[in-house]
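So the chains spell out like this:
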There are 2 protein chains.
Amino acid sequence: MSIIAIVGAGMMGSAIGIPAAENGNEVRMVGTPLDREIIDHARKTGNHLTMKRTLPASYRYYQFEQMQEALDGADLLVGGVSSFGVDWFVENVLKEIPESLPVLSVTKGLMDDEKGDLICYPQLFQSRLPQRKLKLNAVGGPCTSYELADHDWTQVCFCGEDMSLLRWIRGLFETDYYHVSLSTDVIGVECAVALKNAYALAVSLAIGLSERKEGIGGIQHYNSQAALFLQSYKEMRKLLTHIGGNEESLPFGVGDLYVTVFGGRTRKIGTLLGRGLTFEQAMKELKGVTLESIVITTRASRAVRKQIADGRLKQEDFPLLTHIDQILNEGHAVDIPWNQFETEFEV
Amino acid sequence: MSIIAIVGAGMMGSAIGIPAAENGNEVRMVGTPLDREIIDHARKTGNHLTMKRTLPASYRYYQFEQMQEALDGADLLVGGVSSFGVDWFVENVLKEIPESLPVLSVTKGLMDDEKGDLICYPQLFQSRLPQRKLKLNAVGGPCTSYELADHDWTQVCFCGEDMSLLRWIRGLFETDYYHVSLSTDVIGVECAVALKNAYALAVSLAIGLSERKEGIGGIQHYNSQAALFLQSYKEMRKLLTHIGGNEESLPFGVGDLYVTVFGGRTRKIGTLLGRGLTFEQAMKELKGVTLESIVITTRASRAVRKQIADGRLKQEDFPLLTHIDQILNEGHAVDIPWNQFETEFEV
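The structure reproduced in this document is the subject of the present report. (Residues numbered from 1 in each chain as written. Chains lettered and ligands numbered in written order. Predicted model: local features only at pLDDT ≥ 70, side-chain atom pairs only at ≥ 80, totals over all residues. Heavy atoms only, no water.)

1. Structural notes on unusual backbone geometry
For A:His151, which is not glycine, the phi torsion reads 65° and is therefore positive. Its location among the elements puts A:His151 in the loop between α6 (145–149) and β9 (154–160). Residue classification places A:His151 among the partly exposed positions, given a relative accessible area of 33%. Of note, the phi angle at B:Lys52 is positive, near 60°, even though the residue is not glycine. With respect to the helices and strands, the residue B:Lys52 is situated in the loop between α2 (36–45) and β3 (60–62). (Helix = DSSP H or I, 4+ residues; strand = E, 2+ residues; numbered from the N terminus. Buried < 20%, exposed > 50% of the residue type's maximum accessible area, 1.4 Å probe, protein only.)

Now the structure itself:
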């Protein structure tokens, strides 16, 4: 039995502890200052306030002030914050933990810098704390928290620099429904699963476009979704291999793209835009909720623009990302550049 | 304006002529002996009997006995037979046409031989007619005939040996809704889009498995579908590159996998099997209709088995294909080998 402290009691942070607790590990849920209600509610009822699922009875709950108590004797720290919490996570958690404590982060995302380079969160964490040598690992691959909590069969990938450490972490979490591949290609896995956010929005545009023909709730069409899915794959592959990721990591991003097209708010905003709403109207309908897909798209396309400008990338390889960025950040209407998707390939 | 003779008046053969006709080309639909009713019905009503769509008023119709008349002056022959019609197509059509007449085939599939080698239909056609040098090209990528007939945006790939010929063919068909990439990687494109039939059945198992939890018509779950989608991608990639296809062709197969999971009979049989029906029960429910997915799965897994036996491939790379074959051909119940999907990858 090991002790796992999870900081961040959002849905994914809370769900990933479930297989670990069922494996007999002690799971300590630590809320961030934003999770106060979630922790209180879970203590009282045993249920997760927003995920609306029963959590394991063995979970122990801590408010953020009690983090040191939760870390006492811990064998693994899970970072469960959203991508909007990464700065907070570095300053308030990663700076405070012993270097010997392995970290597994569920946060998916990418950051771009002023030169137009893209870095993934494990790289970002390490760069923010240059004086510390942390054991950083991350989770990628298709997994929605609800369905993990429901014990649906799921396949993810844990990535990190040290394969033997990854194997040990897998041993804590793996169950007959939660299946874990391992990879030391951190940049590849993290890039693939971050980009799917941007491209899931892109594929979802076709859902709204099809509703223009059939009406909302009408028969769904799939040729256009598939065309955008295949174009997303092409662009994700181009960017992933360009920044040094390995082709072997792409399936986790493509699987994640699949699951993201079918769930949640990214699908919703893509659909609304596809119906013909402006970005402002769509955000209003979503009540201004902040979406990771929009942040990722903006960062990735800003980086790609800079790299196109200095000749590292070619414009013609990213027509879909460019268009999504124009819709979100430059007020363009949806007008998918289908012609630009056409390629010629000679062996 | 060019003259395009389409032999095979099934749904895809009939649909692909629509963009060509709208581009001002003369389209001559030639029914096979099995299409007699379709041709009669279209002549009388202008509609396609099984696709249930209006065909272009400019289409000209021919019964098979009139094929020579339809070929007179033709600039392109489109092969529109299903994969059950390929032998017939070789003997009755490809043997009869001038060698100078370019061919574009919409038939998707693979054939295995006694050594366990897989060949695609353009290779098969040429091998059956060794004394003839035909100009064979083929269509791959995600495109359902209904949605093409409905003018949905669609992205496909034409493949063949001669890029300049491919460009000319594209010019006949390309419209603002029908977009065409080109590739000389015939084996890669054809392998990718054939294999999607087998793997679409595999992904669809998760739909039925989810119905065991939620009931038929209940909330759909996607983690398991995405896990099978990513595993399908891995296995398709392994097989495609193994038989000499290029990684660049894989997106067309993955896009085609996406569209096939969401449409038609392959999804239906996968779902029924996932619910727990035996293969016999599932086929009974589908009234014994012959499915290309079953033929492809059987051929591909027979070839893979032989290549594993003689050391050319590894069993561990194809756990999903192996399981699908066991379900279809050895009476196994659905029991997805999730553990075997786990991989370790070190850069």
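2. A few points about the interface of chain B and chain A
Each side of the interface is counted separately: chain B has 60 residues, and chain A has 60 residues. Each partner contributes to the roughly 5700 Å² buried at the junction of chain B and chain A, and carbon and sulfur atoms together form 54% of this total. Where chain B meets chain A, there are 10 salt bridges. Salt-bridge contacts for B:Arg170 lead to A:Glu342; the nearest nitrogen and oxygen are separated by 3.9 Å. Here chain B and chain A share 42 residue pairs in polar contact (both at pLDDT 80 or more) between them. At the level of secondary structure, the elements contributing two or more residues to the side of chain B that touches chain A comprise α6 (145–149), β9 (154–160), α7 (163–173), β10 (178–183), α8 (186–214), α9 (223–242), α10 (250–261) and β11 (344–345) of chain B. Tallying contributions element by element places α9(B) first for the side of chain B that touches chain A, with 11 residues. Taken together, the residues of the side of chain B that touches chain A break down into 27 nonpolar, 18 polar and 15 charged. (Contact = heavy atoms within 4.5 Å. Buried area = accessible area lost by both parts, 1.4 Å probe. Salt bridge = Lys/Arg side-chain N within 4 Å of Asp/Glu carboxyl O. Polar contact = N/O pair within 3.5 Å; in protein donor to acceptor, adjacent residues only side chain to side chain. Nonpolar A, V, L, I, M, F, W, Y, C, P; charged D, E, K, R; others polar.)

3. Brief notes about the side chain of A:Ser293
On the secondary structure map, A:Ser293 appears in helix α13 (residues 292–309). Other than its neighbours up to four places away in sequence, A:Ser293 contacts A:Asn197, A:Ala198, A:Leu201 and A:Thr266.

4. Points about the relation of the copies chain B and chain A
You can overlay chain B on chain A at an RMSD of 0.0 Å; the transform is a turn of 180° with a shift of 0.0 Å along its axis. Between the two chains, the operation in question is that of a two-fold axis. The share of interface residues of chain B whose copies in chain A are also at the interface is 100%, consistent with both copies meeting through the same surface. (Least-squares fit on C-alpha atoms with pLDDT ≥ 70 in both.)

5. A word on the packing of helix α4 (residues 86–94) of chain B against helix α5 (residues 121–128) of chain B
Helix-helix packing is described using two parameters, namely the angle between the two axes and the distance between the axes. All names here are of chain B. Two elements in contact, α4 and α5, have axes whose closest approach is 11 Å; the angle formed by their N-to-C orientations is 50°. Considering the angle they form, α4 stands oblique to α5. The handedness of the crossing between α4 and α5 comes out as right-handed. Of the residues in α5, those in contact with Val86, Asp87, Phe89, Val90 and Leu94 of α4 are Tyr121, Leu124, Phe125 and Arg128. Residues belonging to the contact of α4 with α5 are distributed by class as follows: 7 nonpolar, no polar and 2 charged. (Axes fitted to C-alpha atoms, helices over the stretch in contact; angles between N-to-C directions. Parallel < 35°, antiparallel > 145°, perpendicular 65-115°, else oblique. Left-handed = near helix turned anticlockwise from the far one by under 90°.)

6. Thoughts on the packing of aromatic side chains
A full pass over the atoms with the stated rule returns 28 aromatic pairs over all chains. Considering the side-chain rings of A:Phe262 and B:Tyr222, the 4.7 Å spacing of their centres and the 15° angle between planes classify their relative orientation as stacked. Taken together, the residues A:Phe262 in the loop between α10 (250–261) and α11 (264–275) and B:Tyr222 in the loop between α8 and α9 connect one chain to another. With relative accessibility at 14%, the residue B:Tyr222 sits in the buried group. Here the aromatic rings of A:Trp338 and B:Trp153 are separated by 5.5 Å at their centres, their planes lie at 15°, and the arrangement is stacked. Here A:Trp338, found in the loop between α14 (319–329) and β11 (344–345), pairs with B:Trp153, found in the loop between α6 and β9, and the two come from separate chains. Look at A:Trp338 and you get buried, because its relative accessible area is 5%. Owing to a relative accessible area of 31%, B:Trp153 belongs among the partly exposed residues under this scheme. Ring pairing ties together the aromatic residues A:Tyr222, A:Phe229, A:Tyr258, A:Phe262, B:Tyr222, B:Phe229, B:Tyr258 and B:Phe262, which thus form one cluster. (Phe/Tyr/Trp six-rings, centres within 6.5 Å; stacked < 30°, edge-to-face > 60°.)

7. Points about the packing of α9(B) against helix α14 (residues 319–329) of chain B
Residues and elements named next belong to chain B. Contact geometry of α9 with α14 gives a least axis separation of 8 Å together with a crossing angle of 105°. Here α9 lies roughly perpendicular to α14, going by the angle between them. Of the residues in α14, those in contact with Leu228, Gln231, Ser232 and Glu235 of α9 are Pro319, Leu320 and Leu321. Among the residues forming the contact of α9 with α14, the class breakdown is 4 nonpolar, 2 polar and 1 charged.

8. Notes on the sheet that holds β11(A)
Hydrogen bonds between backbone atoms are what pair the strands of a sheet, whose relative direction is either parallel or antiparallel. With mixed pairing, 9 strands are arranged side by side in an open sheet as β11(A)-β10(B)-β9(B)-β8(B)-β5(B)-β4(B)-β1(B)-β2(B)-β3(B). Each of the sheet's edge strands pairs with one partner strand only, and the pair in question is β11 of chain A together with β3 of chain B. Across 3 bridges, strand β2 (residues 26–30) of chain B lies against β3(B) in parallel orientation. Bridge pairing in β3(B) links B:Arg28 to B:Arg60. Contacts between helix α1 (residues 11–22) of chain B and the sheet are confined to β1 (3–7), β2, β4 (76–79), β5 (103–105), β8 (136–140) and β10 of chain B, with β2(B) contributing the most and set at about 170° to the helix. (Pairing = 2+ DSSP bridges.)

9. A short note on the pairing of β10(B)
In terms of residue burial, β10(B) counts as a mostly covered element, since 6 of its 6 residues are buried. Burial along β10(B) is two-sided: B:Tyr178, B:Val180 and B:Leu182 facing one way and B:His179, B:Ser181 and B:Ser183 facing the other are all buried. In this structure, β11(A) lies alongside β10(B), joined through 2 bridges in parallel fashion. By the bridge assignment for β10(B), A:Phe345 is matched with B:Ser183. Alignment of β9(B) against β10(B), held across 6 bridges, turns out to be parallel. Looking at the pairing, B:Gln155 lines up with B:His179 of β10(B). Remark: the β9(B)/α7(B)/β10(B) crossover connection has right-handed handedness. (Right-handed = clockwise from strand over helix to strand, strands pointing away.)

The analysis is restricted to geometry; functional conclusions fall outside its scope.
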